[in-house]
Number of protein chains: 2
Amino acid sequence: MALAQVSASKAHGGVQGVYRHASAATGTEMEFSVFVPDHAPGAKLPVVWYLSGLTCTQANVTEKGEFRAACAEHGLIFVAPDTSPRGDGVADDPDGAYDFGLGAGFYLDATEAPFSAHYRMRHYIEDELPALIAEAFPADMARQSIMGHSMGGHGALTVSLRNPGRFRAVSAFAPIVAPSEVPWGEKAFARYLGPDRTAWAQYDACGLIEAGARLPEILVDQGTADGFLAEQLRPQRLADACAAAGIDLTLRMQEGYDHSYYFISSFMADHLGWHAARLKG
Amino acid sequence: MALAQVSASKAHGGVQGVYRHASAATGTEMEFSVFVPDHAPGAKLPVVWYLSGLTCTQANVTEKGEFRAACAEHGLIFVAPDTSPRGDGVADDPDGAYDFGLGAGFYLDATEAPFSAHYRMRHYIEDELPALIAEAFPADMARQSIMGHSMGGHGALTVSLRNPGRFRAVSAFAPIVAPSEVPWGEKAFARYLGPDRTAWAQYDACGLIEAGARLPEILVDQGTADGFLAEQLRPQRLADACAAAGIDLTLRMQEGYDHSYYFISSFMADHLGWHAARLKG
């Protein structure tokens, strides 16, 4: 798997890079960013995965996430993938809507044409990209954690629930917790996966928990001034599912915060400290 | 002076706002950002001015500067103006070059047509915007400091050298220190100010120092991997001028850092701590 370096800049003592590669999973070129903090020669560092939300590329969190100081402090590699395949021949929303198609891959493997040709983000995030990270960076793949925002919070929760034991810590900012039950997810799942809702359950965090999937604990921050809170996010739905399943969910309603990177960046260092404690233990 | 709020988001416990107003100085609408940290009712906070570099608007540092955590910690208001007038009727570089015209106001009052009609950034930054900040925000204008990047480093140095006693701290990231002697400044000053170099001296940090202007101390960080270092920035020129004038310059050559916000954000918290110590003393 050849990896092309798009850019690399020294930052907070480490290197913030952006990379491209030909993805077998999506059949497209994919771009992602990796921050590697300063480290001893030969050392292998824990890896934090960050999955982004609707409309984002790797660039949003890379530029606005305020994660590098904390990653440098704790010695964490930070990986930020794109949110969908892109490029010539990749089907998009017929109306160009922001919540489906390009920038809105929902971290699933589509089964419906024409999306099934390239929208294979589950396989990309769960299999292909981890192998590439393990090969190309000083990553200790026995010490991984995952976090995400909104659609990426959905991604972090569902990827970790489907892969028990892979991640030592799981957290999210304003996640979509039950996509099968809200407009964003209903639209996307119907088009990517078809009308049969039994195929949706593997991509629904609350559905997975109710079907028996378990994580030891989850940290979620949710802004009370988030315009998507009531219609799309509904964190109480996750709280109820976790309570019934005995999952230790810490749900913090953050007064006055919205859905933006101003919210994410305000709590990023706190999340990374929480991850670091679990990755180093 | 009416102020329109473009956006406001809670961040790091405070409010990150973007504002627009009709500027008398430039004869245009001007946009700027202000971060106000959480504070006691009625309290007045010190103000840090941040002047941006070529091609930037207020948005670059607002999104990528990683200043809010430190401003919240130290209780500092952070003001980020635009770098030029913009809008219908504002003359630009005839070739659309990045280093002159829109996004490249050089914090001066142009005297040459057609630029003299709107390019009055010195008056805007030194007089009009401070009055607006004092009126609209909980700002203690007796405790101000200033910093900037590249062209904005030039701005921070020259504004502070021309206004002795106004700023308790002055620092810069990769500043243009002698614009009269480098291609960026020679191009801009000839077009904004005309061919007579005696009119340039008031906008040249090294020229101002050599003409007798003084600051007690200056902090400068400069990346050694900055592609503009040798041709446009030349920090040793400032070091020589400060040494001859008895100005306490701390010039830190930062190994491997480039000219980007990855560099700025790496040292932003350190600069703000340095400012805070002088603003609170």
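Heads up: these notes are all about the structure in this document.

Calculation notes
- Here the residue index of a chain counts from 1 through its sequence in written order.
- Written order determines the labels here, with chains lettered from A and ligands numbered from 1.
- Only residues with pLDDT of at least 70 are given local features in this predicted model, and only at 80 or more are side-chain atom pairs given and counted; all residues enter the totals for whole chains, interfaces and linings.
- Calculation of side-chain values draws on the structure's entire complement of heavy atoms; hydrogens and water are dropped beforehand.
- Categorising residues by exposure relies on relative accessible area from a 1.4 Å probe, with only protein chains included: less than 20% of the type maximum marks a residue as buried, more than 50% marks it as exposed, and the intermediate range marks it as partly exposed.
- Only runs of H or I of at least four residues qualify as helices and only runs of E of at least two qualify as strands under DSSP, and these elements are numbered from the N terminus.
- Between any two strands, pairing holds if DSSP finds at least two bridges.
- Note on method: axes are straight lines fitted to C-alpha atoms, helices fitted across the in-contact stretch only, with angles between N-to-C directions ranging 0 to 180 degrees.
- Every residue pair with non-hydrogen atoms within 4.5 Å of one another is taken to be in contact.
- Taking the helix axis as origin, the arc is that swept by the directions to the C-beta atoms.

**Details of the pairing of strand β8 (residues 217-223) of chain B**
All names here are of chain B.
Right, so step 1: Most of β8 is tucked away: six of the seven residues are buried.
Right, so step 2: The pairing of strand β7 (residues 167-173) with β8 spans three bridges and is parallel. Following the sheet pairing, Phe173 is matched in β8 by Asp221.
Right, so step 3: Of the strand pairs in this sheet, β8 and strand β9 (residues 248-254) are connected by seven bridges, and their pairing is parallel. Counterpart to Leu219 in the pairing with β9 is Thr250.

**Concerning the sheet that holds strand β3 (residues 29-36) of chain B**
Right, so step 1: The nine strands are arranged β1-β2-β3-β5-β4-β6-β7-β8-β9 (chain B) in an open sheet whose pairing can be described as mixed. Unpaired on one side and paired on the other, β1 (4-11) and β9 of chain B mark the two borders of the sheet. The average undirected angle you get between the axes of adjacent strands in this sheet is 20 degrees.
Right, so step 2: On top of the sheet, helix α9 (residues 261-280) of chain A reaches β1 and β2 (14-22) of chain B; it is set at about 30 degrees to β1 of chain B, its chief contact.

**Let's talk about helix α5 (residues 183-193) of chain A**
Residues and elements named next belong to chain A.
Right, so step 1: Buried residues of α5: Trp184, Gly185, Ala188, Phe189, Tyr192 and Leu193, and no others. Along α5, the residues classed as buried sweep out an arc of 105 degrees about the axis, all on the same side.
Right, so step 2: Packed against the buried residues of α5 are α4 (151-162) and α7 (229-233).
Right, so step 3: Positive backbone phi, at 90 degrees, marks Gly194, one or two positions downstream of α5.

**Quick word on the sheet that holds strand β8 (residues 217-223) of chain A**
Residues and elements named next belong to chain A.
Right, so step 1: Spatially, the nine strands line up as an open sheet ordered β1-β2-β3-β5-β4-β6-β7-β8-β9, and their pairing is mixed. Of all the strands in the sheet, the pair left with one neighbour each is β1 (4-11) and β9 (248-254). Averaged over all neighbouring strand pairs, the angle between strand axes comes to 20 degrees, with direction disregarded.
Right, so step 2: Across eight bridges, strand β2 (residues 14-22) lies against strand β3 (residues 29-36) in antiparallel orientation. Looking across to β3, one finds that Gly17 is bridged to Val34.
Right, so step 3: Here helix α8 (residues 235-245) sits on the sheet and contacts β8 and β9; the angle it forms with β9, its principal contact strand, is near 160 degrees.
Right, so step 4: On top of the sheet, α9 reaches β4 (45-51), β5 (77-81), β6 (139-149), β7 (167-173), β8 and β9; it is set at about 165 degrees to β7, its chief contact.

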